[in-house]
Amino acid sequence: MGFFVAKGISKFYKAGTGGVHALRKCSLSFPSKGLIAIKGKSGSGKSTLLNILAGIEKPTTGTVFFGGKKANEKGPLLDGRAGMVFQHYDLIAGESVLRNVSLPLSMRGKGNRRAKKLLRDFGLGAFAHKDVATLSGGEKQRVAICRALVHDPRVVFADEPTGALDEKNGIAAMDMLRAIGNYRLVIVVSHNEELIQRYADAVIEIADGVVKTPLLVQSAVPVPKASFRRSSTWLPRFIFRNIRRNLLKDVVCLLSGIVGFSSLLLSIGFFAGNEVAFEEEQTHSLLYPYSSISERTVIEVPGSKLTLIKKTRPSATSMTGFATTFASPIVVDDLAYFFPASMTYETDGQNWEPVSFSPVWDITLETFGKEMVTQGELPRGEAFNECVVNEEFAHRHGGKVVGKVLSVNQRCTVQLEGKTHEVFVEAELIVRCVVKEFGFLNSPRVYYSYPRLEKALEGLPVGGGESNARELVAWAESDSPYSNYSSLLFLQDPNDVARLFEWMEQGDESLDVACPSYVLRSSFHGLSQAFTMSLSLFVGIAVLGLCLILGMSSLSSFVSGKKESAVLMVLGAKRSQVFSIYVAESALLCFLSAGASLLVCPLLERLFNGILRGKFDVSSIIRIPYQTLFGLPFSLIWGCLLIALVLGGIAAALPMAFHRRIPLSEELRDE
Ligand code: ADP
Ligand code: MG
């Protein structure tokens, strides 16, 4: 058995319906040292033979033995016991001579001492720190030979090493290979007869895939073990090199990453902030502590599937029970029969469409709303002729309403002892101030003082002075229209309002509570939920799009860098290490864009909150929870960065994993 043996090697390339027999039953046995040349015409199968010997191409049949043992899956080149020289040098562009030559050492976790020594020995010491791009072809090939030799391989393969060189440089390269051949096996493919004659210890001639002059040397030389320690210290350099090379593409990825992560962060901010903002905002309405309450009775209609619901003013007992829920409730009669919730009014000699007239318990706005005043002065609450309007109302009158007098004329009919009386409720309300309420779903509204209306109605005689309007309401049956079928509830404490909302959430069959702020709250919650859901969908799409962009980008750089990847693997890199260059590039970009988004988002948060505040007059709706999320300190920040790393890595790894694998020999082929 020889040192390096090929036994019955055949190679058949399928092509369409036919194919090519590139090699037919080749058997060879190489000595442990010496320069062996493989010659033959173009297309005769030389490269195929060399690649099969090196193990970067699989034979169709036959076996390769190395050091007396069947060559393993990888073959001597990939398991680190051989080196390879290419026709077009295939040096790593943009790197220095020394870095190129010492790369196989770095991949094995070794220093560059041997690289320096080799360069000196072969007269290339002066070039060590030059960029390989500045070298001549001949110099490049000599550097490439040093690189193939630097990790002390047992065999050096060279496929047409002089093919791209002129005669003088070809000779210099062959001199080097010759020198190596004195102590190692060097297998050179060439069609240069002259050089072969001059340098080769033995020549294998090949024609049409058949070996014409076989070489059968018997020698038993032990070969060191195939395994070698792999290091990854060289990888970061290649990651940054890739980023530099794909700069434009990477900037686009970075920007799309910033867009994706910013929308993610802002949405999280919206999820976290909108409910809180609403809780704060809902008190910014003079209607907040007000509700109207009726008792409901369900009446079964005999012989019908329908039921009637009768609304009446709550009885004192049911109202007392209900009122115990609150700390300081004010329950009063509803005076809407004489002063309805919706009325037309006249101002500046003009009649206006109806607006809402709503009672407030405290027109001086002491408890609720003092800081909501934007125009005018607070009413003193001494007379019924004072009112407060909201901005929507002011807007209707061109903004300037303070001091305007709103005249209301309301005609009511009253039945007393069988007789019908007409009662005129006339009021002149001076607008004292304008309040800026939470603008969501708001409409023009005039607020008047309930206690002052009560007083005013006491002074309004009905039925020829026997009674007054106030008494009529107070004494009315619970199902009489004078009672308006309801009582009013004013609360004086936000905690009481919260209790009311709680009570309403549980629901009560017998009492009907009409609470505008509760309706507002429910519709806001519904809207916010719908908004949150669609936002999640958009963010999902944005993140998916980001992954696609990252995946496509890294796939395209992976494909365009394929030749270099193949060279790296020949020099000693694992396939997974080469993959990791692209995975890390993508993960790093994703990480950076997440970091940038974390920095940019506080500004965007301010900007959007400003815009929303201008539009809806709300406090900050977006509140990105930088401090704590899920109860963990700063979890948003590290969570976001971690997700970015993983997402970026997966986005790059998936398309590469599914990318069709071709034999290394094909990846190495010159286009
Ligand atoms: P040489 O190096 O001697 O010029 P090769 O070994 O490259 O020749 O090729 C030998 C034959 O095999 C040629 O006819 C070539 O066209 C064919 N061949 C080589 N590689 C492939 C391939 N990947 N697919 C199909 N045919 C191939
Ligand atoms: Mg060839």
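The rules we used
Residues numbered from 1 in each chain as written. Chains lettered and ligands numbered in written order. Predicted model: local features only at pLDDT ≥ 70, side-chain atom pairs only at ≥ 80, totals over all residues. Heavy atoms only, no water. Helix = DSSP H or I, 4+ residues; strand = E, 2+ residues; numbered from the N terminus. Rg over C-alpha atoms; globule rule 2.2 N^0.38 Å. Buried < 20%, exposed > 50% of the residue type's maximum accessible area, 1.4 Å probe, protein only. Contact = heavy atoms within 4.5 Å. Areas by Shrake-Rupley, 256 points an atom, 1.4 Å probe, with all protein chains shown as cover. Pairing = 2+ DSSP bridges. Domains from an automatic or database assignment. Axes fitted to C-alpha atoms, helices over the stretch in contact; angles between N-to-C directions. Near = heavy atom within 4 Å. Polar contact = N/O pair within 3.5 Å; in protein donor to acceptor, adjacent residues only side chain to side chain.

(A) Examining the overall build of the chain more closely. Looking only at helices and strands, the chain features 19 helices and 26 strands. The C-alpha radius of gyration of the chain comes to 45 Å, more than 25% above the 26 Å expected for a compact globule of 671 residues. Judged by the C-alpha coordinates and their principal axes, the chain covers about 140 × 65 × 40 Å. Burial statistics for the chain: of 671 residues in total, 50% are counted as buried. Considering only contacts within the chain whose residues lie at least 6 apart along the sequence, 76% involve residues at least 24 apart. Accessible area for the chain stands at about 31900 Å²; split by element, carbon and sulfur atoms hold 58% of it.

(B) Structural context of the sheet that holds strand β2 (residues 18-30). The 4 strands are arranged β2-β1-β4-β5 in an open sheet whose pairing can be described as antiparallel. Looking at strand neighbours, the two that pair on one side only are β2 and β5 (69-70), the edges of this open sheet. Taken together, the 2 bridges between strand β4 (residues 61-66) and β5 define a ladder with antiparallel strand orientation. By the bridge assignment for β5, phenylalanine 66 is matched with lysine 69.

(C) The arrangement of the domain arrangement of the chain in detail. Splitting the chain by domain gives domain 1 (4-230), domain 2 (243-283 + 524-668) and domain 3 (290-514). Between the C-alpha centres of domain 1 and domain 3 the distance comes to 98 Å.

(D) Structural context of the sheet that holds strand β8 (residues 185-189). Taken together, the 6 strands give an open sheet; going across it, the order is β6-β7-β8-β3-β9-β10, and neighbouring strands pair in mixed fashion. If you trace the sheet from one side to the other, it starts and ends with β6 (82-85) and β10 (210-211), each paired once. As paired strands, β6 and strand β7 (residues 155-159) are joined by 4 bridges and run parallel to one another. Pairing of glycine 83 across the sheet is with valine 156, part of β7. Lying over the sheet, helix α1 (residues 46-54) contacts β3 (34-39), β6, β7, β8 and β9 (202-207), oriented at roughly 155° with respect to β7. Relative to the sheet, helix α5 (residues 137-149) contacts β6 and β7, its axis offset from that of β6 by approximately 165°.

(E) How the structure looks around the site of ligand 1. Near ligand 1, the surroundings consist of 13 residues, among which Gly43, Gly45, Lys46, Ser47 and Thr48 are the closest. The backbone of serine 44 places a nitrogen or oxygen atom 3.2 Å from an oxygen atom of ligand 1. One of the side-chain N or O atoms of threonine 48 is found 2.5 Å from an oxygen atom in ligand 1. Isolated, ligand 1 exposes 550 Å² of accessible area, and the fraction of that covered by the protein chains is 70%.

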